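# Topology and contacts: notes
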Amino acid sequence: MSENNEPRHAAGPDPDRIPATQPPKSLAPDPDANLETPAEDDAAYVTSLDTAGGAHQPSAVPVSAQSGSLPGAPEEESLLRKIFTGNGIVTILAVLLALILGGLLIALTDEVVGTTSTYLFARPTDFLAAVWSAATGSYVALFQGAVFNPRGVGAAGQFAPLMETLTIATPLITAGLGVALAFRAGLFNIGAQGQIIMAGILASWVGFALDLPMGLHLLLVLLAGVVGGAVWGGIVGVLKARTGAHEVIVTIMFNYIALYLLRYLLDTDLFQRPGESTPISPVLDASAVYPLLFGSQYRLHLGFLLAIAATVFVSWLLNRSTLGFEFRAVGANPKAALTAGINVSRATILVMTIAGGLAGLAGVAQVAGTEKVLTDGVAATYGFDAITVALLGRSSPWGTFAAGLLFGAFRAGAVQMQIQTGTPIDIVLVVQSLIVLFIAAPPLIRAIFGLNPRKKKAAPAGKSQKAVATGGAA
Amino acid sequence: MSTTATSPVPGKPSKPQPGTPPADKNRKQTVSAKPVTWKLPVTLMALATVAFIFFGLLGPQSTAKFGVSSGGDFFQLPAIEAPAFLSGIVLSVILLGLAGYALVLKAQKNQRPPRWLPAVFTVVFVVAFLIWVVGGARTPSISLAGLIAGSVTLAVPIVFGSLSGVLCERAGVVNIAIEGQLLGGAFTAALVASLTHNPYLGLLAAAVAGALVSMVLALFSIKYVVNQIIVGVVLNVLVSGLTGFLFSTVMQSDPEKYNSPGRLPIIDIPVLSGIPVIGPILFKQSVVGYLMYVAVAVIWIALFKTKWGLRVRAVGEHPQAADTLGIKVNATRFWNVTLGGAVAGIGGSFFTLVAIDSFTKEISGGRGFIALAAMILGRWNPIGAFFAALLFGFADNLQSIVTIIGTPVPSQFMAMLPYVVTVFAVAGLVGRSRPPAADGIPYVKG
């Protein structure tokens, strides 16, 4: 990793660039003063940051959706502080509120709640107890399916859910990193789904069609998958850089193109398992799959360690490398970056390529780790979940890692929840999307929980005094 | 949506009607001011060459047969029979001629090809393609009337969805949530129609549901200035989860009671519906189908011929200027987005009240994203979006027909076609698609 890119400290770019890097630089010395104060969430202020006072179009990703550190700002050290300042509280409250709303939804459709509500005024306690048991019952089952199952056989059985969570979190983390990295460069990578699929196609083909020695085979599978994802993402970067085609539209279209390509291939002799009429590929060779980490009783595989490695890599890339500095500069203000001599086109292409490669890693984790075959459901909904993972993680590498674990737990637990309490898995989608919605709108959370630091309400956010800063835009 | 540095500067006076043919007179002068690129002529030439090689030289030697009349027509027309090889050659030579004309125009006069050229090129290309596909099939005969009628039917939700997109984006709000609006409309239509035993109430409820989904989009993107794309993406997930959850818990518990909406009747206008080919598509539709034509016309007139439309477009192109003139920018956006959601909701009701008479999970199946593509291909214009949606409906329908008659083209590639075309469109290879200047940029009053 490090040999191809001399790791210069992010805060120390080329001397001749320094004079022109003023917009990011001027914010660099004390980012917390700008971003961690309660004012950060004032909608108008965010917009003024985004548009540099209305002077240019905002970057695709608002400052509030990024992790709150502009180029040159140390990130790790403020982690603890973040938790105790606005952002952390808002995140926790958003998760809490989403869970409460999800619980209400579960209760609302529960049969016992329905029957007790008919005599609500006669015995309201029955009704409330039913609501409570319906919601908590589901969540307890969710927890047991995701983290710790007290009824499991021995320690191995009790921690099996946790292993399942980590297995499911693996593709979520790597694909989420791809989305997050693109976010930081101001690009919306909606295309993780397609990138996972392309990676899955290439990796699985290498996995079942080639006959290679142990070790080398897996390495080639890994390489093929990463290249597949990287190319699929890179094309989007090239189109964006060369023609200005909006990456959101292009990536959405590329998702479908990849999906239909996959369906076509699974229909051909090249990919379809011989003697099988359903669209499914042969099983990957034993030499082409990830080794299991804790023996055959769990599905957890090497991919999880690679996901950790990928997180470290992205963290290093963003915070310690010149390239990452350029990415963040482009994300914070493309025009300033251009003025500073950063090749914005190159950064766009590169960031989409790397993002695609990371999503490709998720594809490899699917075909070489969890599934071991290629079907047309290889990407499941991981590509779309990756977007919410990256948003919840505020596009920081370790935030994305944590968010991936959380959503992995939701996914793993939901299966158990459906079996035990009959609550459909879809509730997870509801809770996930609510979390992201609430996190994206801190004023709403503050208003709901009465946390507004200032006297004025969140409602007239658009007309606050800070908006004056955006004034003379016209 | 933000574009790169090559996009027009916001301050530049933008033409109010970038995508409408009627504005041609005024545009003639401004066209030459823009740089004329080689992209379009070269792309056309490449496509024409492909057509010449595949549809012409490598064309099948059979005769493609297209049935025109269906049994119910009040007069019968003979089926069209086209010798596949010959028509392939003739049509691809026409394509080559058109592309050559565009190249000559660029080379000698540095002019953009006339507006009709890409349209004619598309039509000829599609016809050549159709003859090639049918000619190469095991049974080289299809019903043209059925093909077109089926295309229109499949296009209905896409048209409504793209109209929703046009309404939102003309006012400057990116609407990625079309899929969610369609799905929300489909679910609510099924539920309400089942409970009330009245599909028309279901239709109304679908509009309300679509509007509600849209209001969340409007609330978060306008009031809380959350990035519009984020809200859109998340809303799709939310609606998908919510409808899936309620489907599994409520509808599945008693499908008779909650999920048997009954269908909207097909209203057959006597005599007129008997006209071959166009009769069934124009005069033999459900209420939703007729509403589609009405909506396209009304929204086009409203956007481009009324004071309201001028204001909406001003808000989408240059909100500061609009604000200066006393237009309430954010209120306009809010209500436009809401209206767009209602339109998409009606489109969603098509799934559960017309196509199938029950709701299933993910019934919209990604059509909201195709609608987004149709809107872009139609250049943010209701009529353009309508024809783009028809093209996508055509591809969708052809895909299923192709699997039946057995052709050399895999059906998956037919299904892929709309998306590939859209990528070409946004990459500027088939004409310029320029979004409204302030699309996706929140307006904060200063």
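This structure is a prediction, so every number in the text was calculated from the model and none was measured.

## Let's talk about the overall build of chain A
Within chain A one finds 20 helices and zero strands. Within the span of chain A, comprising 474 residues, buried residues form 57% of the whole. Intrachain contacts of chain A at a sequence separation of at least 6 include 75% that bridge at least 24 residues.

## Re the overall build of chain B
Looking only at helices and strands, chain B has 17 helices and five strands in total. Across the 446 residues of chain B, 56% fall into the buried class. Excluding contacts between residues fewer than 6 apart, the proportion of contacts in chain B whose partners are at least 24 apart in sequence is 77%.

## Digging into helix α17 (residues 411-426) of chain B
Here α17 of chain B spans 24 Å end to end across 16 residues, near enough to the 22 Å set by a 1.5 Å rise per residue. For α17 of chain B, the principal kink sits at L417 of chain B and spans about 40°; a proline, P418 of chain B, occurs within the next four residues. The complete set of buried residues in α17 of chain B reads M414, A415, M416, L417, P418, Y419, T422, V423, F424, A425 and V426 of chain B. As for α17 of chain B, its buried residues are in contact with α12 (247-265) of chain A together with α15 (367-377) and α16 (382-405) of chain B. Positive phi shows up at G428 of chain B, right after α17 of chain B, with a value of about 80°.

## Remarks on helix α7 (residues 199-223) of chain B
Residue and element names in this part refer to chain B. Compared with the 36 Å implied by 1.5 Å per residue over 25 residues, the 35 Å span of α7 between its first and last C-alpha is a close match. When you tally the buried positions in α7, you get 18 out of 25 residues, the bulk of the element. Trailing α7 by a residue or two, V225 shows a phi angle of about 50°, which is positive.

## Examining the environment of Y224 of chain B
Relative to the helices and strands, Y224 of chain B is located in the loop between α7 and α8 (228-251). You can call Y224 of chain B buried: it has 23 C-beta atoms within 10 Å.

## Quick notes on the sheet that holds strand β1 (residues 63-67) of chain B
All names here are of chain B. Taken in spatial order, the three strands of this open sheet run β2-β1-β3, and their pairing is mixed. Strand pairing shows two members of the sheet lacking a second neighbour, β2 (80-83) and β3 (141-143), which therefore form its edges. Taking the axes of each pair of neighbouring strands and ignoring which way they run, one obtains an average angle of 20° across the sheet. Relative to β2, β1 runs antiparallel, the two being bridged by four bridges. The residue of β2 that forms the bridge with K65 is E81. Relative to β2, helix α3 (residues 84-109) is tilted by about 80°, and along the sheet it contacts β1 and β2.

## Some words on the nonpolar core
Membership of the largest hydrophobic core comes to 287 residues, with the highest contact counts inside it found for A374 and A389 of chain B. Looking at this core, the element that brings in the most residues is helix α16 (residues 344-370) of chain A, giving 15 residues. Three or more residues apiece are contributed to this core by two domains, here domain 1 (83-146 + 424-448) and domain 2 (170-413) of chain A.

## Topic: the domain arrangement of chain A
Residue and element names in this part refer to chain A. Looking at chain A, the domain boundaries give domain 1 (83-146 + 424-448) and domain 2 (170-413). Taking only C-alpha atoms into account, the centre of domain 1 sits 32 Å from that of domain 2. At the interface, 12 residues of domain 1 touch nine residues of domain 2. Looking at the side of domain 1 that touches domain 2, the elements with two or more residues in it are α7 (124-146) and α19 (426-440). Ranked by residue count, the leading element in the side of domain 1 that touches domain 2 is α19, at eight residues. In terms of residue class, the side of domain 1 that touches domain 2 is built from nine nonpolar, three polar and no charged.

## Focus: the confidence of the model for chain A
In the predicted model, chain A carries a mean pLDDT of 78, and 77% of its residues have values of at least 70. Note on residues 455-474 of chain A: pLDDT is under 50 here. Beyond four places in sequence and across chains, it has 45 contacts.

## A short note on the environment of V231 of chain A
Residue and element names in this part refer to chain A. Mapped onto the elements of the fold, V231 is located in helix α11 (residues 216-243). Here V231 falls in the partly exposed class, since 17 other C-beta atoms lie within 10 Å of it. A sequence separation of 121 residues divides V231 from M352, and the C-alpha atoms of the two residues are 9.0 Å apart.

## Concerning the environment of L147 of chain B
Residue and element names in this part refer to chain B. Mapped onto the elements, L147 comes out in helix α5 (residues 144-170). A tally of 19 C-beta atoms within 10 Å means that L147 is categorised as partly exposed. Setting aside residues no more than four positions away along its own chain, L147 makes contact with I142, N397 and I401.

What counts and what doesn't
Residues numbered from 1 in each chain as written. Chains lettered and ligands numbered in written order. Predicted model: local features only at pLDDT ≥ 70, side-chain atom pairs only at ≥ 80, totals over all residues. Helix = DSSP H or I, 4+ residues; strand = E, 2+ residues; numbered from the N terminus. Buried ≥ 20, exposed ≤ 12 C-beta atoms within 10 Å, placed from the backbone. Contact = placed C-beta atoms within 7 Å. Expected span 1.5 Å × (residues − 1). Bend = angle between axes of the 7 residues up to and from the residue. Pairing = 2+ DSSP bridges. Axes fitted to C-alpha atoms, helices over the stretch in contact; angles between N-to-C directions. Core = buried A, V, L, I, M, F, W, Y, C linked by C-beta atoms within 7 Å. Domains from an automatic or database assignment. Nonpolar A, V, L, I, M, F, W, Y, C, P; charged D, E, K, R; others polar. pLDDT = per-residue confidence, 0-100.

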